[in-house]
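One letter stands for each residue in the lines below.
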Amino acid sequence: MALTLQEVNELTQEGFVDAFGPLFEHSPWVAERAWSSRPFATRQDLVSSLEREVWRASREEQLALLRAHPDLGTRVRMTDHSVNEQAGAGLNQLSPDEYEQFLQLNKQYTEAFQFPFIMAVKGQTKETIREALSHRIHREVQEEMGKALQEVCKIGRFRLEAVLVDEAEGKAMKNGSERIMYYGKGDVWVYRSYAKPLTNLTLIPESGFVGRDNVLFGMNIKVAVSGEKFFTSFTEGDNTLVVATDSMKNFILRKAGEYEGATAEGFLAFASRKLLETYPQMTGVKMTADQVAFDPLPVPGAQGFENGNLVYRYSQNEHPTAKVELTRTEEGIAIQEHEGGMADLKLIKVKGSSFAGFVRDEYTTLPESYDRPLFIFLDIAWSYEEVEDALDSDLGRYVAAEQIRDIAHTVFHEQHSPSIQNLIYRIGQRALLRFPQLKEIRFESNNRTWETILEHATAGEGKVFTEPRPPYGFQGFSMTKQDLEGL
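In this report, we go over the structure that sits alongside the text.

About the cut-offs
- Residues numbered from 1 in each chain as written.
- Predicted model: local features only at pLDDT ≥ 70, side-chain atom pairs only at ≥ 80, totals over all residues.
- Heavy atoms only, no water.
- Helix = DSSP H or I, 4+ residues; strand = E, 2+ residues; numbered from the N terminus.
- Buried < 20%, exposed > 50% of the residue type's maximum accessible area, 1.4 Å probe, protein only.
- Contact = heavy atoms within 4.5 Å.
- Pairing = 2+ DSSP bridges.
- Axes fitted to C-alpha atoms, helices over the stretch in contact; angles between N-to-C directions.
- Core = buried A, V, L, I, M, F, W, Y, C linked by side-chain atoms within 4.5 Å.
- Phe/Tyr/Trp six-rings, centres within 6.5 Å; stacked < 30°, edge-to-face > 60°.
- Lys NZ or Arg CZ within 6 Å of the ring centre and 35° of its normal.
- Salt bridge = Lys/Arg side-chain N within 4 Å of Asp/Glu carboxyl O.
- Patch = residues over 30% accessible without salt bridge, like charges linked within 9 Å, V, L, I, M, F, W, Y side chains within 5 Å.
- Areas by Shrake-Rupley, 256 points an atom, 1.4 Å probe, with all protein chains shown as cover.
- Lys, Arg positive; Asp, Glu negative; His and termini not counted.
- Charge placed at Lys NZ, Arg CZ, Asp CG, Glu CD.
- Parallel < 35°, antiparallel > 145°, perpendicular 65-115°, else oblique.
- Left-handed = near helix turned anticlockwise from the far one by under 90°.

What follows covers the environment of Met145. Along the chain, Met145 falls in helix 9 (residues 141-160). Note on Met145: relative accessible area 2%, which makes it buried. Taking C-alpha positions, Met145 is 28 Å from Gln93, a pair spaced 52 residues apart along the chain. Among all residues touching Met145, those that are not within four sequence positions of it are Arg59, Gln62, Leu63, Leu66 and Phe115.

Here you go:
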């Protein structure tokens, strides 16, 4: 059962453990200890409280938590969560040779570290998992244990999505009443070949991106539908008007073959509208998508090496996102909300960043820094003044996620950053200047700056760093064209 944050704060310890204990494999003690941190003001507070208990635990407890996880790609008995996660990555469909390879790699890994290889496999493939396993098997024990615990926390965050209702999402699906009522399907993976190319973009000096051939047009879609006529399915078990979520999945996949546009936002709006037209008992549809990025691989050509249009590599880097929400009104079907975005952007600057002049008191241990490396995780989202600009690239005002990404790269390079807050503000300014068709741009950033181990390497001017330990800092910020006044 999905819970709102308010409902979470009202849970007894037993209810809290029932809801959140399964986030950490066979380790309910994580939730038992986190319960005392209530009330949680935000979703992030809840996540941080759970993860804090993982990092506070003794080494013996941490090892027990790691050892509770099953090997990836094996046929041992697993929890339902692990079964679904491994199936989503294709680990339930290994050939005999692939299975034997995973078996041997897992054996080598477990012998080296005394706990199984752990990786959050959502969005991964068996190839990328095998590549990570082959790489991580050569690390030092302490470093790898820290990485494994980070992956455990990441798995917990993915699993939390099915338990905790996003407050904004819940509000959007209330159907004009105080009741939250919706249902849907997640992880609808859609791959369409030879979609309409993305062209006719406004070119900007910060980006060399001129379009996308869309030879491979991939998305991982989540759909939620609402309507008062579904009420009796909750109260009486009456499924007369219920559209099975499997039918929703198949509907979306079929509509991918009919879509004639070039943007993910356009496809979500197209499929959502078709759902409302097909099923009158639905009054609202919300779809979100993580686009699946594929990098073309260079092949020999007449002019040396050039990108072909047949062979691609599944990218594990940042990826575009999209969101639309449509509702049925007296005037007809209307788009209530839309969003483009770029998620999981990771930016590292070796020097040229500082953080000084902050409040110093008896609680402060952080030293001031005037030339530090800076490593941030960044999610960016934006909406348009006119929603049609997001749906139809032929209008010439579509903003590609790759262009916003390149603006972030450029500003990060150009500016000496006195803080992450100032950095994202300047990125927002530049994006709104280049694209006046945008109504708003929003940021969520994490500070993941590495811990400095050696200030001076033996040779050269280098330094030595390692991964930071949680907790981490984060920032949220939104901007509109009003922030450009006076420039």
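Within the fold, Gln421 resides in helix 16 (residues 420-434). With a relative accessible area of 46%, Gln421 lands in the partly exposed category. Sequence spacing of Gln421 and Phe443 is 22 residues, and the spatial spacing of their C-alpha atoms is 9.8 Å.

Turning our eyes to something else, we now look at the sheet that holds strand 3 (residues 284-292). Here we have 8 strands laid out as an open sheet, ordered 1-2-3-6-7-8-9-12, and antiparallel in their pairing. The open sheet has two free edges, formed respectively by strand 1 (183-193) and strand 12 (473-480), since each of these has just one partner strand. Along the sheet, successive strands turn relative to each other by an average axial angle of 20 degrees, direction set aside. Of the strand pairs in this sheet, strand 2 (residues 216-226) and strand 3 are connected by 9 bridges, and their pairing is antiparallel. Bridge pairing in strand 3 links Ile221 to Ala289. Strand contacts of helix 16: strand 8 (369-384), strand 9 (438-447) and strand 12, with the helix running at about 30 degrees to strand 12, the strand carrying the most contacts.

Core analysis: the biggest nonpolar cluster contains 49 residues, and Phe16, Phe20, Leu46 and Leu50 have the highest contact counts within it. Broken down by secondary-structure element, the contributors of at least two residues to this core are helix 1 (5-9), helix 2 (13-20), helix 3 (29-34), helix 4 (43-56), helix 5 (59-67), helix 7 (96-113), helix 8 (126-136) and helix 9. With 7 residues, the top contributor of residues to this core is helix 9. Every residue in contact with Phe20, bar those within four places of it in the chain, is listed here: Val8, Leu11, Ala31, Leu46, Leu160 and Val163. Residues Ala390, Ala400, Ile424 and Ala431 belong to the second largest nonpolar core, which totals 38 residues.

Here the focus is helix 8. Every buried residue of helix 8 is accounted for by Lys126, Thr128, Ile129, Arg130, Ala132, Leu133 and Arg136. Looking at the buried positions of helix 8, the neighbouring elements they touch are helix 7 and helix 9.

Two descriptors summarise a pair of aromatic rings, namely the distance from one centre to the other and the angle between the planes of the rings. For the structure on display, the rule yields 20 aromatic pairs. Between Tyr259 and Phe267 the ring centres are 5.5 Å apart and the planes differ by 65 degrees, which places this aromatic pair in the edge-to-face class. The residues Tyr259 and Phe267 share a single accessibility class, namely buried. Between Phe375 and Trp450 the ring centres are 5.6 Å apart and the planes differ by 65 degrees, which places this aromatic pair in the edge-to-face class. Here the residue Phe375 occupies a position in strand 8, and Trp450 occupies one in the loop between strand 9 and strand 10 (451-454), the gap between them amounting to 75 residues. Here Trp450 falls in the partly exposed class, since its relative accessible area comes to 28%. What links up through ring pairs into an aromatic cluster is the set Tyr109, Phe113, Phe115 and Phe117. Against the face of Phe377 rests Lys346, its NZ or CZ located 4.9 Å from the ring centre. Cation over ring: Lys349 sits above Phe412, and NZ or CZ is 5.8 Å from the ring centre.

All chains considered together, the criterion is met by 25 salt bridges. One salt bridge connects Asp246 with Lys249, and the closest N-O pair in it is separated by 3.0 Å. Of this pair, Asp246 and Lys249 both sit in helix 12 (residues 245-258), separated by 3 residues, roughly a single helical turn. In this structure, the salt-bridge partner of Lys274 is Glu277, at a minimum N-O distance of 4.0 Å. With a gap of 3 residues between them, Lys274 and Glu277 both fall in helix 13 (residues 264-278), about one helical turn apart.

On to a negative patch on the surface. Together, Asp290, Asp344, Asp379 and Glu444 give the surface a local cluster of negative charge. Residue position: Asp344 is located in strand 7 (residues 332-355). On the basis of relative accessibility, which here comes to 37%, the residue Asp344 falls in the partly exposed class.

Judged by side-chain polarity, Tyr194, Leu310 and Val311 come together as a nonpolar surface patch covering roughly 360 Å² of accessible area. Here Tyr194 is to be found in the loop between strand 1 and strand 2. Classification of Tyr194 by relative accessible area gives exposed; the value is 53%.

We now examine the packing of helix 12 against helix 13. Direction vectors running N to C along helix 12 and helix 13 enclose 120 degrees, while the axes themselves pass 10 Å from each other. Regarding the angle of helix 12 to helix 13, the classification is oblique. In this structure, the crossing between helix 12 and helix 13 has a hand that is right-handed. Contact residues: Phe251, Ile252, Lys255, Ala256 and Glu258 in helix 12; Phe267, Phe270, Ala271, Lys274, Leu275 and Thr278 in helix 13.

Attention now goes to the packing of helix 7 against helix 8. Direction vectors running N to C along helix 7 and helix 8 enclose 30 degrees, while the axes themselves pass 10 Å from each other. Judged by the angle between their axes, helix 7 and helix 8 are roughly parallel. For the element pair helix 7 and helix 8, the recorded crossing hand is left-handed. Between helix 7, through Glu98, Gln101, Phe102, Leu105, Asn106, Tyr109 and Phe113, and helix 8, the contact on the second element is made entirely by Lys126, Ile129, Arg130, Leu133, Ser134 and Arg136.

Our next topic: unusual backbone geometry. Going from Arg38 to Pro39, the amide bond is cis rather than trans, its omega being 0 degrees. Assignment of secondary structure puts Pro39 in the loop between helix 3 and helix 4. In this structure, His26 is a non-glycine residue whose phi angle is positive, near 50 degrees. Relative to the helices and strands, His26 resides in the loop between helix 2 and helix 3. In the Ramachandran plot, Asp344 falls in the positive-phi region, its phi being about 65 degrees despite a non-glycine side chain.

By themselves, these observations are geometric and do not establish any function.
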